[in-house]
Amino acid sequence: MEYVDDAILLTVAKAGKGTLVLEVLTANHGRQRCVSALKGGDQPTLLPGSFLSIKCVGDDLGKPVQAELLRITGGLIINSDQDIALAALTSSKDLLVSLVPIQEPVPAIFEAMTGLMTSLVNEDHRWPYHYAMLEFALLAEAGYLEGVRRCMSAFRHGDAIYVSPRTGAFVTREEGGVFIDKLIPLPGFLLGGKNTNLPAVRQGFALTATLLQRFALKGDDQALPQTRAILEAALEQVTSLPAEPAVATPMEDAETRRRRMEAMRPLMVASAGSGQ
């Protein structure tokens, strides 16, 4: 197995002299554990949430792959005043570990994670929206949202969508019938709607928490990450949600991304202690 891919850095640790152990979420190859050798005593400046381009070589047995870092951008500078960013990254990483097996491609989750990390790095204050979208993507990818695709047509035609707290199934207003008062309304932004006001995002936050606890997290992982409580408390203090940028950056298609990464020069790493 050999490939070049975009990735988001989840964790990094030293493993002996001259070696880093990375856990990353890649665009096309899922969550990966990688081993990266440091060259000439230099070490890259790696911050949690960094966007990477990596070249990986390894097997398909779930063992860590050898990774060469081609590019590093962004990253979260964590201090006591930015615990929301650290909590969001840690909570996201814990849910990924619980719900997404190693080396299982999850492009929708990567896209949602990219939105969250970009929001946190840019400090645009839209992290609650992006975090709820990430949890919803995790639920959908793990197969715990029955009928979401079936309901999309009705949603696009203006129908409200509800979720059964007993089964997790999606239903339309008509299908809910006399039980409609027992169902949980689904905020439209989770299905791609434009209503991303603060009450809707808070409702989405509560809904994804309920569904994760009832259906997705099992056994020792049945509790939500402890760091999620920090996000819930922070969301209570939010008074408004900034508007979505007027023009979104288009996602690259796979072939454009491949050509761009193949053309990159090897990463110029910063020497230890340089502070760059």
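Refer to the structure above for everything that follows.
Note that this is a predicted model, so its numbers are computed, not measured.

1. Quick word on the nonpolar core
Side chains of a nonpolar character, in soluble globular proteins, are inclined to be buried together.
Step number 1: If you look at the biggest cluster of nonpolar residues, it comprises 59 residues, and the most contacted ones within it are Ile109, Met113, Met117, Phe170 and Leu186.
Step number 2: Per-element accounting of this core gives the leading share, 10 residues, to helix H6 (residues 198-216).
Step number 3: Among residues more than four places away in sequence, those in contact with Met113 are Ile8, Leu10, Leu25, Leu89, Ser92, Leu96 and Leu134.

2. Some points on the sheet that holds strand E6 (residues 161-163)
Sheet strands pair via backbone hydrogen bonds, and the direction of the pair is either parallel or antiparallel.
Step number 1: Pairing within the open sheet is antiparallel, and its three strands lie in the order E7-E6-E8. The sheet terminates laterally at strand E7 (170-172) and strand E8 (184-185), the two strands that pair on one side only.
Step number 2: Sheet topology places E6 next to E8; two bridges connect them, and they run antiparallel. Within E8, the residue paired with Val163 across the bridge is Ile184.
Step number 3: The sheet contacts of helix H4 (residues 148-156) involve E6 and E7, and relative to E7 the element is tilted by about 25 degrees.

3. A short note on unusual backbone geometry
Step number 1: In this model, Gln103 sits at a positive phi of 65 degrees, which is unusual for a non-glycine residue.
Step number 2: Position of Gln103 relative to the elements: it lies in the loop between helix H1 (83-99) and helix H2 (107-122).
Step number 3: For Glu123, which is not glycine, the phi dihedral falls at a positive 50 degrees.
Step number 4: Locating Glu123 in the fold gives a position in the loop between H2 and helix H3 (127-141).
Step number 5: You can call Glu123 partly exposed: its relative accessible area is 49%.

4. Some points on the environment of Ser119
Step number 1: Relative to the helices and strands, Ser119 resides in helix H2.
Step number 2: On the basis of relative accessibility, which here comes to 3%, the residue Ser119 falls in the buried class.
Step number 3: Residues Ser119 and Tyr129, spaced 10 residues apart in sequence, show a C-alpha to C-alpha distance of 9.6 Å.
Step number 4: Those residues within four positions of Ser119 in sequence are excluded, and the remaining contacts are Asp124, Arg126, Trp127 and His130.

5. Describing helix H7 (residues 228-237)
Step number 1: Within H7, the full set of buried residues consists of Arg228, Leu231, Ala234 and Leu235. One face of H7 carries all of its buried residues, which in axial projection span an arc of 115 degrees. In H7, the exposed positions angled more than 90 degrees off the buried face are occupied by Glu236 and Gln237.
Step number 2: Tucked into the core, H7 has its buried residues touching H1, H3 and H6.

What counts, and where the lines are drawn
- Residues numbered from 1 in each chain as written.
- Predicted model: local features only at pLDDT ≥ 70, side-chain atom pairs only at ≥ 80, totals over all residues.
- Heavy atoms only, no water.
- Core = buried A, V, L, I, M, F, W, Y, C linked by side-chain atoms within 4.5 Å.
- Buried < 20%, exposed > 50% of the residue type's maximum accessible area, 1.4 Å probe, protein only.
- Helix = DSSP H or I, 4+ residues; strand = E, 2+ residues; numbered from the N terminus.
- Contact = heavy atoms within 4.5 Å.
- Pairing = 2+ DSSP bridges.
- Axes fitted to C-alpha atoms, helices over the stretch in contact; angles between N-to-C directions.
- Arc of directions from axis to C-beta.

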